[in-house]
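Commentary on secondary and tertiary structure
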Amino acid sequence: MSQPIDAAPAVPSHLEVSDEVAIEISGMNKWYGQFHVLRDIDLTVYRGERIVICGPSGSGKSTLIRCINALEEHQAGKITVDGTLLSSDLKNIDKIRSEVGMCFQHFNLFPHLTILENCTLAPIWVRKTPKREAEATAMHFLEKVKIPDQANKYPGQLSGGQQQRVAIARSLCMKPKIMLFDEPTSALDPEMIKEVLDTMIELAEDGMTMLCVTHEMGFARQVANRVIFMDAGQIVEQNEPEPFFNNPKSERTKLFLSQILGH
Amino acid sequence: MSQGDHSVAFVRHDPLPPQAPPVSQAGVIGWLRTNLFSSIGNSIMTLITLYVIYALLAAIVPWIANGVWDASSIRECREQLQGVNAACWAVIEERWPQLVFGNYPPEHYGRAVLAFVLLFVALAPVLYFGLPRKMLWFTGLYPFLAYWLIWGGTLWIPIMALVGVVVGFVVFRLLEEKSFFGAMVAALAAALAFWIVLTAPLAEALAGVLPLALTPVASREIGGFMINFILGTSGIALSLPLGIMLALGRQSTLPIIKMICVIFIEFVRGVPLITLLFVASVMLAYFLPPGTNFDLMLRVIIMVTLFAAAYMAEAIRGGLAALPKGQYEAGDSLGLDYWQKMRLIVLPQALKISIPSIVNIAIGLFKDTTLVSIISMFDVIGMIRGPILSSTEWFGVYWELLGFAGVLFFVFCYGISQYSQWLERKLATDHR
């Protein structure tokens, strides 16, 4: 883990959370066939929040954030993203997806396109941005993630950490209001985790609303304003990072934390 | 770089310089040793193989090289050879026009040759991405131009056919915002309606004002390798887009579209091409209203296209299946709609994966065009088996003629294969 947990500061006070609701999930349930993956999820995310979702594998944390941009379909309950109720209407889904950026565990860059083309594709085709403007925006964000010099290479020529930073830049080029991170550092070598986390921290400081599924507890302590622990498809415990780590209430949370922080 | 006595501590201060590999790995002798004579068994195999190659060449090369080029019949050939066993190439020289053009009117050979040469101009921007994109305009116009050059008649027919395409395109652009798929169906319907209802009368009226006509040539006059080439190129060019649509349709979440595509693919794959060709040549006439004159060449092109499209669809489906799910999800998460996702992300990668199978099918299709000789179309094989071999002058000159046809096909198929390998190398961007 790149951030020493003990040295992590408390929630930075300059990161304000507004009263405006970004995502509202109520009574959401999802099944895979007979298997009940998500059970009665209620969650309200305010604009500017940085939420870290953790939990053992199979607890439904990835499925939860994938429901928010409709990569997974939920069968019961309501999800409202940025004021738009998520329905099965394709136009509605595409609209929500263009407002919500997502980074994947395996980056999922487009291998047949250069880094720059990866970043300009969606702005050009979805937002109908002129090519020149889209490229300027892309270069701006590539500079922000500190790899403008790789713009004309292909994803296969970059290291894992660089690829994940490109994936973040690619999402940012759509100027999303919310960013979802699905285990962004799990597929990376230890040396590269820090560069990706630094990028995410910077993003948080810019006031981005973020939901991160991650096991980087140092990141959670330093950046998150709320940590959610999920198990067996339910939200078991949520709290501010300080009390969450120092004084977990649920037995299940205690066990989980002792296991991942044990060494 | 010294190591302290028996201590485990070690620090390298100077990196080791690279060194040349051992000499035994390089040079001609080294190569021969490792590849041809590495053991007694291998040495014996090498010698046997060399002898077999020698024996084959010793038999074939003189037969080819001592061949007669100047004669007007097989008898003259034999007289000149005086018992030497060698080829009678004169048949190819004498029957060249028949082999290549069939009964195409000799005074119009120039038109056919021009259409052939322009094909490469039209293909160039499709095959080599480095060329100016504006050349694609010519590629779009080429089918209409080639039709006019080969079949002749008034230029207004292909122009009206082209206008039909433009009508379809305009309809598509008007409806595209609403739904890509709906717009495509509407565009297709509009184009078809234009072709069926308006093309003939409009072309006739305009031809009355300004003829712009070439001497018409009937389909049955076209023959020889020209038929193979027309069928092959139009079959490949038409079956690829149709195959892509079928492959996407087979993956569709809409059950009706999926079912139509699956039934079509499975049916066509389950039927031999020659059956479809017989249907085209004989049976279709029973189903069409009496008096309709539906050109045999067109019927065969349709059948060959449908046949190849079913195989193309399966090849492309393999490419689609090989693509990681993450690529679809990344496209989705950026808000691309279905068609954008397919066109920009999925198909470029899936097609690249499918290149070897697509080329395989294209080559197979090109060679299968010789099957039309069975439904009495005089393609290059039909020409050889019919008019040439049954003529009194060239009775029994099998090897030379069929060898020539073989070489002709080999040149084109090998060219396609080499191009596809070049393309694969060029498109390899993901794993270097």
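Residues numbered from 1 in each chain as written. Chains lettered and ligands numbered in written order. Predicted model: local features only at pLDDT ≥ 70, side-chain atom pairs only at ≥ 80, totals over all residues. Heavy atoms only, no water.

So, on to the sheet that holds strand β4 (residues 76-81) of chain A. Residues and elements named next belong to chain A. Strand order in the open sheet made by the four strands is β2-β1-β4-β5, with antiparallel pairing throughout. With one partner strand each, in any of the chains shown, β2 (35-46) and β5 (84-85) form the two edges of the open sheet. Sheet topology note: the β4/β5 ladder contains two bridges and is antiparallel. Residue pairing in the sheet places V81 in a bridge with T84 of β5. The strands touched by helix α1 (residues 61-68) are β1 (21-32), β2 and β4; relative to β1, the strand with the most contacts, the crossing angle is about 120°. (Pairing = 2+ DSSP bridges. Helix = DSSP H or I, 4+ residues; strand = E, 2+ residues; numbered from the N terminus. Contact = heavy atoms within 4.5 Å. Axes fitted to C-alpha atoms, helices over the stretch in contact; angles between N-to-C directions.)

The subject of this paragraph is the interface of chain B and chain A. In this assembly, 23 residues from chain B lie in contact with 25 residues from chain A. A buried area of about 2100 Å², summed over both sides, lies between chain B and chain A, and 59% of it is on carbon and sulfur atoms. Here chain B and chain A share two salt bridges between them. Among the ionic pairs, A:R66 bridges to B:E329, the shortest N-O distance being 2.6 Å. At the boundary of chain B with chain A, the tally comes to six residue pairs in polar contact (both at pLDDT 80 or more). Put simply, the parts of the chain that give the side of chain B that touches chain A at least two residues each are α13 (325-333) and α14 (338-368) of chain B. (Buried area = accessible area lost by both parts, 1.4 Å probe. Salt bridge = Lys/Arg side-chain N within 4 Å of Asp/Glu carboxyl O. Polar contact = N/O pair within 3.5 Å; in protein donor to acceptor, adjacent residues only side chain to side chain.)

Of all hydrophobic cores here, the largest spans 98 residues; its most connected members are B:Y104, B:I222, B:M297, B:L320, B:W394 and B:L401. Among the elements that line this core, the one with the most residues is helix α12 (residues 296-322) of chain B, at 14 residues. Residues contacting B:L401, with those up to four places away along its chain left out, are B:V91, B:I92, B:L99, B:I384, B:I388 and B:L389. If you look at the next biggest cluster of nonpolar residues, it comprises 45 residues, including A:C54, A:C103, A:M210 and A:F219. (Core = buried A, V, L, I, M, F, W, Y, C linked by side-chain atoms within 4.5 Å. Buried < 20%, exposed > 50% of the residue type's maximum accessible area, 1.4 Å probe, protein only.)

What follows covers helix α2 (residues 40-65) of chain B. Residues and elements named next belong to chain B. Between its terminal C-alpha atoms α2 stretches 37 Å, which fits the 38 Å expected from 26 residues at 1.5 Å a residue. Those residues of α2 that sit buried are S43, T46 and W63. Looking at the buried side of α2, the elements it contacts are α16 (398-427). (Expected span 1.5 Å × (residues − 1).)

In this section: the confidence of the model for chain A. In the predicted model, chain A carries a mean pLDDT of 87, and the fraction of residues at 70 or more is 94%. Low pLDDT, under 50, characterises residues 1-11 of chain A; the stretch is placed with 23 contacts to residues that sit more than four places away or in other chains. (pLDDT = per-residue confidence, 0-100.)

Another aspect to go through is the confidence of the model for chain B. For chain B, per-residue confidence averages 87 on the pLDDT scale, and 96% of positions sit at 70 or higher. Predicted complex metrics record ipTM = 0.88 and pTM = 0.84.

A separate point is the packing of aromatic side chains. Residues and elements named next belong to chain B. In this structure the tally under the stated criterion is 26 aromatic pairs over all chains. Here F366 and F412 contribute two aromatic rings whose centre-to-centre distance is 6.1 Å and whose plane-to-plane angle is 75°, an arrangement assigned as edge-to-face. In this pair, F366 sits in helix α14 while F412 sits in helix α16, placing the two residues 46 residues apart along the sequence. Overall, the relative accessible area of 5% leaves F366 in the buried class. Taken together, the ring pairs connect F116, F120, F225, F229, F366, F409 and F412 into an aromatic cluster. (Phe/Tyr/Trp six-rings, centres within 6.5 Å; stacked < 30°, edge-to-face > 60°.)

Time to look at a nonpolar patch on the surface. A cluster of nonpolar side chains, contributed by B:I40, B:I44, B:M45, B:I48, B:Y51, B:V52, B:Y54, B:L56, B:I60 and B:I64, occupies part of the molecular surface with about 1100 Å² of accessible area. Counting through the fold element by element, B:I48 comes out in helix α2. (Patch = residues over 30% accessible without salt bridge, like charges linked within 9 Å, V, L, I, M, F, W, Y side chains within 5 Å. Areas by Shrake-Rupley, 256 points an atom, 1.4 Å probe, with all protein chains shown as cover.)

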